[in-house]
Amino acid sequence: MYMTATPHGCLLSCLSSPGAMEDMSSQKSAQSTDVRSSLTPQENPASFIHVTLEEHEPAHISTKDLILKKAREVCMCNHQTIITFFCQLFPVLDWLPRYNVKTQLLGDVISGLLVGIVAIPQSISYSLLANLDPIYGIYTNFFCNIIYVAMATSRHNFVGSFGVLCLMIGQSVNRHLQLAGYSDDSAGSSLVGNSTSFSNRTGACDRSCYAITVALSLSFLVGLYQILLGVLQLGFVAVYLSEPLLSGFVTGSSLTIITSQMKYLLGLKIPRHEGVGSFILTWVDIFRYIQNTNLCDLITSLVALAVIVPVKEINDRYKEKMKAPFPIELLVVIVATVISYYCSFEKRYKSAVCGDIPTGFRKPTLPDINLFSSLAVDALPIAVIGFAMTISLAEIFGKKHGYAVCANQEMIAIGMCNLIPSFFYCFASSAALTKTLLKESTGTQTQVSGLVTSLVLLLVLLWIAPLFYSLQTSILGVVTIVNLRGGLRKFRDIPHMWQLSKLDTVVWWTTMLSSTLITTEIGLLMGVCFALLCIIFRTQRPRATLLGKVSNTEIYEDQSTYKQLSSIANIKIFRFESSLYYANKDYFKTVLYQKTGVNPILLAAQHQQVEAQANADTGSTKRFFGTRLDCLKPAKKRAEKPPADACPPSIDMHTLILDCGAMQFIDTVGLSALKETHQDYKQIGVQVLLANCNPSIRHWLQEGGWAGKTDSGGQLAFHSVHDAVQFAERWYHVQQKQNKDAPLDLEDLNFQASL
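Residues numbered from 1 in each chain as written. Predicted model: local features only at pLDDT ≥ 70, side-chain atom pairs only at ≥ 80, totals over all residues. Heavy atoms only, no water.

Our next topic: the overall build of the protein chain. Scanning the protein chain for helices and strands turns up 31 helices and ten strands. Within the span of the protein chain, comprising 755 residues, buried residues form 48% of the whole. Looking at the protein chain alone, contacts between residues at least 24 apart form 81% of all its contacts between residues at least 6 apart. On the protein chain, roughly 36700 Å² of surface is accessible, and the fraction owed to carbon and sulfur atoms is 61%. (Helix = DSSP H or I, 4+ residues; strand = E, 2+ residues; numbered from the N terminus. Buried < 20%, exposed > 50% of the residue type's maximum accessible area, 1.4 Å probe, protein only. Contact = heavy atoms within 4.5 Å. Areas by Shrake-Rupley, 256 points an atom, 1.4 Å probe, with all protein chains shown as cover.)

Given below as structure tokens:
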């Protein structure tokens, strides 16, 4: 095809705004908005050069040979492959020998200490959210950090208890407690039954013991799912959880978490609702029993909120100037514990407190296999959300600090952080947003900071944990709610999101409302399904436009978007901005007929109707319609008559060019639609050309024979719109000369020979 080097980038930048387009066109003579560059029969069109590109011969490899080749690569075992395998599985073996103590250690130690201090109250409060004893939250953060240090490719992620996952875990735990016949102790005066018996293989297992058995069995399945996804190289699954979807899910879950914590802030003893409508039912119970509010818990909660929220806002606003954020949560927890202990809030005002928190570690245990069947469905959304959050945060900070992150390795790492700790009384975890942000902002360099955080939590496990006996659960509820501010702030982004993409905003609202008003699991599923439906809708009814030419260039742009584009006389250029497949083939035809103003099926039917009527009419009637019938004769008969004797054409185009640059693929139904379009327009004397087809589509066209074996079928697909326009103009010029019996010049003869 005709090819030329054109500064497309410069010219396209001129088209980035209508104003720029006006400035560019104002330098030329004043033109009409609908300028037409036409060719009279005497004018000579631009020369057209036919270029044929030869494709590479595809390498033919049988499926058997391919499988054997991959098997040899996997099974190849030598010293180097073993080292490479372990370095990929445990990235710490790669970066730890290159660790620079002088430049990296100080930042890691400071960051690890600060994150550990913040993690102490959050570990306890998230255990409350998961309907478990406080000690299990500390266990989870301790073990997960150690494992993640060894297996992660991210240098900044903090893996531990995450509010959204804890909510989902708590819902599953509470449902299984009810099925097992345990009473709802969360409405009582203590966090949970703390006289825990860890012999969960005997009949001595109480409510708290059964709750952690459910949670660790759930964590085992979550880790197993994530490891399988990583081993099978299915990390791409996370891309189906778009940013608006995840944002809406986090916001909806945040509202649900706040609702579940309100009873602790008010000191109410109400049951924990699960399933569809739990959000509304919980608020109904809150207002029903609000007269039973514990004034001590209410006042304590309000004071804690009044202290924590302003300090957290100051930390966020001046985080660039402050060397480290002020640990207000830990300070409030310590002060509240001391005041509660010396004022005897539990005895005097019946305030709910944490109770006994054991120290040390317990003997490892095994998950309950009998629970796997009932937990398998619950584990799936937790696994998906867990690895999606982990991979998203890892990629964000990896891109910011200039290092590569392996999504599949991150999935295996987070899977191990759930699988292995499940033997040590831990619940499911993932990368935690607030602590990851804190870790990055305080100057962490590597995952060594995670080891420092684990050391801080180890001190709590061995000695400090019992000191939190008198800590009110209302303070833990406040800590949980305050850390959900990020999810609630998403409401402020809605107007901006609406301006950018209305469909993304609808996805956000759909996911948020369904996660809040129905359930978190169903909300996530509805969000994914709705997002996929939006993608289908976008491809089923895509944008379709007519193109015009930028003066003195080879660029063609949307006439409805830009001003002063030249329309090519008797040539329509149609762009369909989506792949052509079974779901949008009818819309393709409809919008094509609408934009071009020519419906070939209707015109052909009118032609047949008039021709039949003409044959039945009398001679006088035939003479009356003679001129009109000549206008509606088939294209072949019109071409046989000289132009002087022919009537003015009944349609204003002789060529239709389809710009396929936005089409990624076409299926068999789409190919049939192109064939039908070509044949329909051919019947009324309009040739159809394709432009900007990618190699796969050209291959489909060639194999499917979309233009048939005649009529220059091989010439009807072009590498650019400009090539197609030049071909159409030259073709029309030659046809006009032939109709007039005018002699053809050398260029015309060469063009005719190329056909």
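There's more to say after this.
Quick look at a nonpolar patch on the surface now. Together, I280, V284, F491, W509, L513 and L517 line one region of the surface with nonpolar side chains, adding up to about 480 Å² of accessible area. Listing elements by their share of the nonpolar patch, those giving two or more residues are α11 (278-288) and α22 (502-517). The element that contributes the greatest number of residues to the nonpolar patch is α22, accounting for three residues. Along the chain, V284 turns up in helix α11. (Patch = residues over 30% accessible without salt bridge, like charges linked within 9 Å, V, L, I, M, F, W, Y side chains within 5 Å. Salt bridge = Lys/Arg side-chain N within 4 Å of Asp/Glu carboxyl O.)

This part takes up the packing of aromatic side chains. Taken as a whole and judged by the stated rule, the model has 24 aromatic pairs. The interplanar angle of 20° and the centroid separation of 4.9 Å between the aromatic rings of F143 and F424 together place this pair among those described as stacked. Taken as a pair, F143 in helix α7 (residues 134-151) and F424 in the loop between α16 (407-419) and β3 (430-431) lie far apart in primary sequence, 281 residues in all. For F143, a relative accessible area of 16% puts it in the buried group. For F424, a relative accessible area of 28% puts it in the partly exposed group. Ring geometry for F576 against Y587: centres 6.4 Å apart, planes inclined by 45°, an arrangement best described as tilted. With a gap of eleven residues between them, F576 in strand β7 (residues 571-576) and Y587 in helix α24 (residues 585-596) connect regions that are remote in the sequence. The residues F576 and Y587 share a single accessibility class, namely buried. Among the aromatic residues, ring-to-ring pairing joins Y136, Y139, F142, F143, F361, F424 and Y425 into one connected group. (Phe/Tyr/Trp six-rings, centres within 6.5 Å; stacked < 30°, edge-to-face > 60°.)

Spatially, six strands are ordered β5-β4-β7-β8-β9-β10 in an open sheet, and the strand pairing comes out mixed. Sheet topology places β5 (556-558) and β10 (717-718) at the edges, where each strand pairs with a single neighbour. Its contacts with the sheet put helix α28 (residues 668-683) on β8 (655-659) and β9 (687-691), and the angle it makes with β9 is roughly 145°. (Pairing = 2+ DSSP bridges. Axes fitted to C-alpha atoms, helices over the stretch in contact; angles between N-to-C directions.)

Moving on to unusual backbone geometry. Even without a glycine there, the phi angle at N131 is positive, about 65°. Relative to the elements of secondary structure, N131 occurs in the loop between α6 (101-129) and α7. Classification of N131 as buried rests on a relative accessible area of 3%. The backbone of N570 sits at a positive phi, close to 60°, despite the residue not being glycine. Within the fold, N570 resides in the loop between β6 (567-568) and β7.

Counting through the fold element by element, T505 comes out in helix α22. A distance of 3.2 Å separates the side chain of T505 from the backbone oxygen of M497, its partner in a polar contact. Apart from the residues within four sequence positions on either side, T505 is in contact with I494, M497 and W498. (Polar contact = N/O pair within 3.5 Å; in protein donor to acceptor, adjacent residues only side chain to side chain.)

Attention now goes to helix α13 (residues 328-343). When the terminal C-alpha atoms of α13 are compared, their 22 Å separation across 16 residues agrees well with the 22 Å that a helix rising 1.5 Å per residue should span. Inspection of α13 places I328, E329, L330, V332, V333, A336, T337 and S340 among the buried residues, and these make up the whole buried set. (Expected span 1.5 Å × (residues − 1).)

Moving on to the environment of I684. Tracing the chain through its elements places I684 in the loop between α28 and β9. With relative accessibility at 11%, the residue I684 sits in the buried group. Taking the C-alpha atoms as reference points, I684 and P600, 84 residues apart in sequence, are found 6.5 Å from one another.

All right, on to the pattern of salt bridges then. One pass over the full model with this rule turns up 15 salt bridges. As a salt-bridge pair, R288 and D285 come within 3.6 Å of each other at their nearest N and O atoms. Residue R288 and its partner D285 are both found in helix α11; the two are separated by three residues, about one turn of the helix. As a salt-bridge pair, K585 and D586 come within 3.1 Å of each other at their nearest N and O atoms.

With that settled, the discussion passes to the side chain of H156. Positionally, H156 belongs in the loop between α7 and β2 (159-160). The contacts of H156, once residues within four sequence positions are left out, are F397, H401, Y403, T436, K439, E440, T444 and Q447.

A few words now on the pairing of β9. Of all five residues in β9, five are buried; the element is thus mostly enclosed. Of the strand pairs in this sheet, β8 and β9 are connected by five bridges, and their pairing is parallel. Residue pairing in the sheet places L658 in a bridge with L690 of β9. Where β9 lies against β10, two bridges are found, and the strand directions are parallel. The partner of L690 across the bridge, within β10, is A717.

Packing of α6 against α7 leaves a shortest axis separation of 7 Å and a crossing angle of 120°. In terms of their interaxial angle, α6 and α7 are classed as oblique. Handedness of the α6/α7 crossing: right-handed. For the pair α6 and α7, contact is made by S123, I124 and S127 and by P134, Y136, G137, I138 and N141, respectively. Of the residues contributing to the contact of α6 with α7, the split by class is four nonpolar, four polar and no charged. (Parallel < 35°, antiparallel > 145°, perpendicular 65-115°, else oblique. Left-handed = near helix turned anticlockwise from the far one by under 90°. Nonpolar A, V, L, I, M, F, W, Y, C, P; charged D, E, K, R; others polar.)

So, about the state of the cysteines. A complete count under the given rule lists zero disulfides for this structure. With no disulfide of its own, C660 lies closest to C693 among cysteine sulfurs, the gap being 3.8 Å. (Disulfide = S-S within 2.5 Å.)

Within the secondary structure, L656 sits in strand β8. Residue L656 is classed as buried on the basis of its relative accessible area of 0%. When the C-alpha atoms of L656 and Y681 are compared, they prove to be 8.5 Å apart, with 25 residues separating the residues in sequence. For L656, the residues in contact, after removing those within four places along its chain, are K572, F574, L592, T596, Y681, V686, Q687, V688 and L689.

Of all residues in the protein chain, 81% attain a pLDDT of 70 or more, and the chain-wide mean is 80. The least confident element of the protein chain, judged by mean pLDDT, is helix α1 (residues 8-14) at 32; the most confident is α7 at 94. A low-confidence stretch, residues 186-203 (pLDDT under 50), is modelled with 50 contacts involving residues beyond four sequence positions or located in other chains. (pLDDT = per-residue confidence, 0-100.)

Burial analysis of strand β4 (residues 544-549) places five of its six residues in the buried class, the great majority of the element. As judged from the three bridges shared by β4 and β7, these two strands associate in the antiparallel manner. Counterpart to T545 in the pairing with β7 is R575. Two strands pair when backbone bridges link them, and β4 and β5 are joined in this way by three bridges, in the antiparallel orientation. In the sheet register, L547 faces β5, and the bridge partner there is D558. Taking the residues between adjacent antiparallel strands as the criterion, β4 and β5 are bridged by six residues, where N552 takes a positive phi near 60°.

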